[in-house]
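A closer look at the structure
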Amino acid sequence: MPRTRDLEVIPGTLELLILRALAWGPMHGLAVLRWIETGSGRTLRIEEGALYPALHRMESRDWVASEWGYTDQGRRARYYRLTAAGRRQFAAERLRWERYADVVARLLHTEPAT
Amino acid sequence: MSAPDERDRPWQRLRRAFRLPPSRDRLAAEVDDELRFHIEERIEEFMRVDGLARADAERKARALFGDLDGYRRDTRDIDFAMNDRRQRMDTREALVRETRLAARALRRSPAFTLVTVLTLGLGLGAATAIFTLLDAVVLRPLPYRDAERLVALSSPVPRLKGQTRWGLARHEMFYFLDNSRTLEALGVYQVSNVSVMGSGAERTERVRWVQASASLMTVLGFVPHRGRLILPDDNHSQIPSVVVLGHGYWQRRYGGDPGIVGTSISIEGFPLTVVGILPEGADLPDDKVDLWAPAHVDSTTVMNNHTWSAIGRLRPGVSAEAAARDLAPLTERLPEVYPQVYRPDFVRNTGFSTDVVPLHDAVVGSLVTRSLWTLFGAVAVVLLIAAANVGNLFLVRIDARRREMAVRTALGADRAHMAVHYFAEAFLLAAGAAVIAVGVAGAMVQLMIATAPGELPRLTEVRLDGVSMAFAVVGALLAGIVFSIVPLWGARPDIATLRQAARGQTSSRRRMTVRRFLVGSQMALAVVLLAAAGLLLQTFRNLRTVRLGYDPQGVLTVAVALPEITYGRDALRASAVLEQLADRLRLHAGVTAVGFGDRLPLSGGDWCTGVTLETASAGGAVGTCPPTSLVSPGYFEAMGIKVEGRALDWAGMSAGDGAMVVSRAFARHHWPDESAIGKGIRFTRGAYYRVVGIADDVTGSSVDGSPMELVYFPMRPMAASPLWGAPVQTTLVVRTTSDNPLALLPAIGAALAEIEPQAALSNTATMETIVARSLSRHSFTMLLLLIAAVVAVGLSAVGIYGVMAFMAGQRRGEIGIRMALGAQASAIKAMVVRESMLLCAAGVAVGLVGAFLTTRALTALLYGVQATDLPTYATVAGVLMAVSGAASYLPARRAANADPAAALRGDS
């Protein structure tokens, strides 16, 4: 079993992950975090509080919109959903990340030409 | 959006209308809620899943979360910034959108837009113009350093002559300065006209000249533009040897050549060295002076010669009243200090005292201040009436747009949008009005400067400037605010409106009451204005019919000045030159009489000359001090003054027959029970001059003044009895049959140049112009007030027309029923007109009370009519009733002619 929470999130990827999470549908902040936890098999280390400045910054950029709603337990929580601009942003970021990861991975497997 | 509560306080309604933004507290609380939710959820999760105790679970949750306070702060700041930015964008967007909408809405109702903008623009423009005048003349301090410390000093002598004021004597200047604790500096001066002699191609010209103590320039805070000012040493010589040029004269005559300093110019034949030039704007209060020369002011010269104007500078923090109190005991002691010139009972006999008034008040005067405030009040009233009309238009528009607004509400427009819309509309209108107002004010200021009476002080300082513009803009902004709040207050868009059928669209009773109140107030205000204008109109008519005592038609007057150096000590030679001139002019076609006199009617001044009357009893003599005039034969004929007995003639005067004339008032005063003819009067010594004629009275310095007790001496003295000077400064009076007496001027100039090339002509005016100018003080105020009143009545007529038309429209259904039941068209007409007359009568009644209370302020401006003149009031009331009757006739006829069936169906 791999050690838990040993990977730090590379700066810039948190927003991409949030966009991905919200692409499923509206969620509150904690739900986004739980999705990352579960999806990553608890390997990603995120300081939970960092999520909120990120969410609000994204809201101020109009990628997401927020609204107060109620959880299944009847708790009042702030729900975020993707806007149209957020959707476009997600598509673009995702593409960029995949190309980037691809390039980095390829380079890592290439022998230096001597 | 929930329906607004009917019981809302107005400010709550407004607050909601403006959709106040979420406060920072609220944003912060939401962040707190969001983070708390996160932590709480985590705690419960750890307790449930990991089986931790609450305290441990909490510790774990917080550790996972990280720096709670830091993240909270970051998140909040992001929200604050976002909120600010969105608000700005919202506002800007809403403004642009609603302004565009408002502009479109206004374009759709061009009549409303045009009438509103024009009405407000004209009203505001008139108010701005008068404010400009008021500001420049009355409100603004005089253009001197620390002008509020400047005072004018003068001496009333109530026991000698009622209204007469003396100036200061020169020794008083030193005496007051040495002994008072309130004066910092004091200067004296005398203004007159002198000839600057021409040399070569230059003509001799008359200029305005002041002889002053050096201290006057200190008092007024002058610094030289070039060279130096007058210095105290200059004041020691009897005849001035230096002169300082006023800036305007330097530019005009010498083209601004600085080389003029140090050269010599010839004044009345005396050479004076130019030692300096004053900067622009360095003038006597309200008097443009060309040349400044030192007066002979010397502490050792003491003369009972109270003829000097005086301006003092008070020590800081001292009031004019305090200075007057300070100088009073000093004035009382004058006879003790200067026994050589005052008799011990001097103060008691004359009532002599020293008045100290702020220079501004002395220059502007209470009559001018009062006239201008009256005019400003009048235009303010016109503006109010105009605003009432516009208010009425807005109310009508609201009613007309209730459905439109209800539709917009139903479609989801919120109150904020509509509030912004109303604001945008009102401010677009206000901006239009401001533009028109500035244009109107500019034109009116030009017109006022052109037509204002010459005696209106500080006229040269009047111009449309930043202050005037600010007045117009602030006025327009206020109007904009008022008119954008009216709709918010008056009409809440109510979706229920949509359920009402078209004919059920009645205006609320409250709004109708507001509308009637507005029209009634308009009427009341119009009454006040019309009454004031009526009183001034009567004053003007009374003045026009005052018996002048002379006939101004076809009379030309020109001041003639002979050089002092040649003629000053030779009265015979001076009068011989003038006689030659008269002889030549009499030969001209159309000239019926020619004469000279040095004190014309309406030419101002209240100086007098001490003379001695011969009395029959005991061979004694009585001294008195009447105003005097040195006249030539032909003067009475030229001026058209009737003379009982006989006037002077050239042959007799040249022979030195000593004939003279007195005015009827003088004769009646001094010889009440016998004829004045044959009585003797002389100047100082020698033979008596004999009264041969009694001239009709002429008025003094103003048409409404009392007749002068005038004494006319011949301009050529008898050899055995000198007069007080040679006639070197006199006025030529020519009577012609021509319609344009001014056409004679070139001939006069040519004739004089042949006889005496160094002589100068100035101040050309027809006698009719002089009379008109004297009346202009009244006519100016009257004309402006009359215009204001006519505009007010016109606006009120429009107002009453609008309301009656609207009311008749509202009651179409009711009128239809009446007519269906057999009412005659005439009865319907009478009903509408009666309604209007009742409304008007109420307004007129209030207005009459207002007029009664306010026209008293006009008393000083009136002549021959009481401020509470009943016929005037009755006429005003009648005029306004007639106007309101006429204004309501059209709506009445339309109502009566309506088809009852159509009216009942609710069709238009």
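Worth saying up front: this structure is predicted, and the values here are computed from it rather than measured.

**Regarding the overall build of chain A**
Broken down by element type, chain A carries four helices and five strands. Traced from its N-terminal end to its C-terminal end, chain A shows the element sequence β-α-β-α-β-α-β-β-α. Each principal axis of the C-alpha atoms in chain A carries an extent, and together these give about 65 × 35 × 20 Å. Counting across all 114 residues of chain A, residues that qualify as buried make up 23%. Relative to all contacts within chain A whose residues are 6 or more apart in sequence, the contacts with residues 24 or more apart total 55%.

**Overview of the overall build of chain B**
Looking only at helices and strands, chain B has 27 helices and 23 strands in total. For a compact globule of 908 residues, the expected C-alpha radius of gyration is about 29 Å, and chain B comes in at 39 Å, more than 25% above that figure. Across its three principal axes, chain B shows a C-alpha extent of roughly 135 × 90 × 55 Å. Expressed as a percentage of its 908 residues, the buried residues of chain B come to 41%. Look at the contacts in chain B between residues 6 or more apart in sequence, and 82% of them connect residues 24 or more apart.

**Looking at the confidence of the model for chain B**
Residues and elements named next belong to chain B. Averaged over chain B, the pLDDT score is 85; the fraction of residues at 70 or greater is 91%. Segment residues 1-8 is flagged for pLDDT under 50; beyond a separation of four residues in sequence, or across chains, it makes five contacts in the model. Across residues 501-505, confidence stays below pLDDT 50; counting only partners more than four residues off in sequence or on other chains, it has four contacts. As a predicted assembly, this complex carries a pTM of 0.70 together with an ipTM value of 0.90.

**A word on the interface of chain B and chain A**
Taken residue by residue, the interface counts 18 residues in chain B and 16 residues in chain A. Broken down by element, the residue count for the side of chain B that touches chain A peaks at eight residues, all from helix α4 (residues 68-108) of chain B. Considering only residue class, the side of chain B that touches chain A consists of nine nonpolar, three polar and six charged.

**Comments concerning the pairing of strand β9 (residues 291-294) of chain B**
Residues in a regular strand project their side chains so that they alternate between the two faces of the sheet. Residue and element names in this part refer to chain B. Of the two faces of β9, the one holding Leu 291 and Ala 293 and the one holding Trp 292 and Pro 294 are both buried throughout. One ladder, built from four bridges, connects strand β4 (residues 205-212) with β9; its direction is parallel. When the bridges of β9 are listed, Ala 212 appears paired with Pro 294.

**Regarding the packing of helix α1 (residues 13-23) of chain A against helix α3 (residues 51-60) of chain A**
All names here are of chain A. The geometry of α1 relative to α3 is characterised by a closest axis approach of 10 Å and an angle of 70° between their N-to-C directions. Relative to α3, the element α1 is oriented roughly perpendicular. Seen from α1, the contacting residues are Leu 14, Glu 15 and Ile 18; seen from α3, they are Ala 54, Leu 55 and Met 58. When its residues are assigned to classes, the contact of α1 with α3 shows five nonpolar, no polar and one charged.

**Points about the pairing of strand β21 (residues 711-714) of chain B**
Residue and element names in this part refer to chain B. Side chains of β21 alternate between two faces, with Val 711 and Phe 713 and Tyr 712 and Pro 714 buried alike. Strand direction decides the pairing type here: strand β16 (residues 628-631) and β21, joined by four bridges, are parallel. Considered in β21, the bridge of Ser 629 is made with Tyr 712.

**Considering the packing of helix α25 (residues 825-854) of chain B against helix α26 (residues 870-897) of chain B**
All names here are of chain B. At their nearest, the axes of α25 and α26 sit 8 Å apart, and the two run at 150° to each other. The angle between α25 and α26 falls in the class roughly antiparallel. Crossing of α25 against α26: the hand is right-handed. The residue inventory of the contact of α25 with α26, partitioned by class, reads 19 nonpolar, five polar and two charged.

**Points about the sheet that holds strand β5 (residues 76-82) of chain A**
Residues and elements named next belong to chain A. Pairing within the open sheet is antiparallel, and its three strands lie in the order β2-β5-β4. The sheet is open, and its two borders are formed by β2 (27-28) and β4 (64-70), each paired with just one other strand. Relative to β5, β2 runs antiparallel, the two sharing two bridges. In the sheet register, His 28 faces β5, and the bridge partner there is Tyr 79. With respect to the sheet, α3 is in contact with β4 and β5, its orientation differing from that of β4 by roughly 120°.

**Looking at the nonpolar core**
Residue and element names in this part refer to chain B. Formed by 113 residues in total, the largest nonpolar core has its most connected members in Val 382, Ala 433, Val 527, Leu 529, Leu 785, Ala 792 and Leu 880. Take this core: its biggest share by element is 20 residues, from helix α14 (residues 415-451). Residue-level mapping places this core at the junction of two domains, with at least three residues from each of domain 2 (109-146 + 366-500) and domain 4 (522-544 + 770-908). Those residues in contact with Ala 792 that lie beyond four places of it in its chain are Val 381, Val 382, Ile 385, Leu 525, Ala 526 and Leu 529.

**Re α1 of chain A**
Along α1 of chain A, the residues classified as buried are Leu 17, Ile 18, Leu 19, Ala 21 and Leu 22 of chain A. Buried residues belonging to α1 of chain A abut β2, α2 (29-39), α3, β4, β5 and α4 (84-108) of chain A.

**Overview of the environment of Ala 792 of chain B**
If you trace the backbone, Ala 792 of chain B turns up in helix α23 (residues 767-810). Put simply, Ala 792 of chain B and Val 318 of chain B are 474 residues apart on the chain and 45 Å apart in space, counted from C-alpha to C-alpha.

**A look at helix α18 (residues 571-586) of chain B**
Residue and element names in this part refer to chain B. Over its 16 residues, α18 runs 22 Å from end to end, which matches the ideal 22 Å to within 8%, given 1.5 Å per residue. Of the residues making up α18, those classed as buried are Ala 571, Ala 574, Ser 575, Val 577, Leu 578, Glu 579, Leu 581, Ala 582 and Leu 585. Contact partners of the buried residues in α18: α17 (564-567), β13 (591-597), α20 (650-654), β22 (729-736) and α22 (745-755).

**What about unusual backbone geometry?**
Residues and elements named next belong to chain B. For Asp 146, which is not a glycine, the phi torsion comes out positive at approximately 45°. Within the secondary structure layout, Asp 146 lies in the loop between α5 (110-139) and β1 (150-156). Unlike most non-glycine residues, Asn 763 shows phi in positive territory, near 50°.

**Quick word on the environment of Ala 760 of chain B**
Residue and element names in this part refer to chain B. Looking at the element boundaries, Ala 760 is found in strand β23 (residues 760-766). Taking the C-beta count within 10 Å as the criterion, Ala 760 has 25 such neighbours and is therefore assigned buried. Measuring from C-alpha to C-alpha, the distance between Ala 760 and Leu 52 comes to 119 Å, with 708 residues separating the pair along the chain. Discounting chain neighbours no more than four positions away, the residues touching Ala 760 are Ser 195, Thr 204, Glu 205, Arg 206 and Ala 561.

The rules behind the values
Residues numbered from 1 in each chain as written. Chains lettered and ligands numbered in written order. Predicted model: local features only at pLDDT ≥ 70, side-chain atom pairs only at ≥ 80, totals over all residues. Helix = DSSP H or I, 4+ residues; strand = E, 2+ residues; numbered from the N terminus. Buried ≥ 20, exposed ≤ 12 C-beta atoms within 10 Å, placed from the backbone. Contact = placed C-beta atoms within 7 Å. Rg over C-alpha atoms; globule rule 2.2 N^0.38 Å. pLDDT = per-residue confidence, 0-100. Nonpolar A, V, L, I, M, F, W, Y, C, P; charged D, E, K, R; others polar. Pairing = 2+ DSSP bridges. Axes fitted to C-alpha atoms, helices over the stretch in contact; angles between N-to-C directions. Parallel < 35°, antiparallel > 145°, perpendicular 65-115°, else oblique. Left-handed = near helix turned anticlockwise from the far one by under 90°. Core = buried A, V, L, I, M, F, W, Y, C linked by C-beta atoms within 7 Å. Domains from an automatic or database assignment. Expected span 1.5 Å × (residues − 1).

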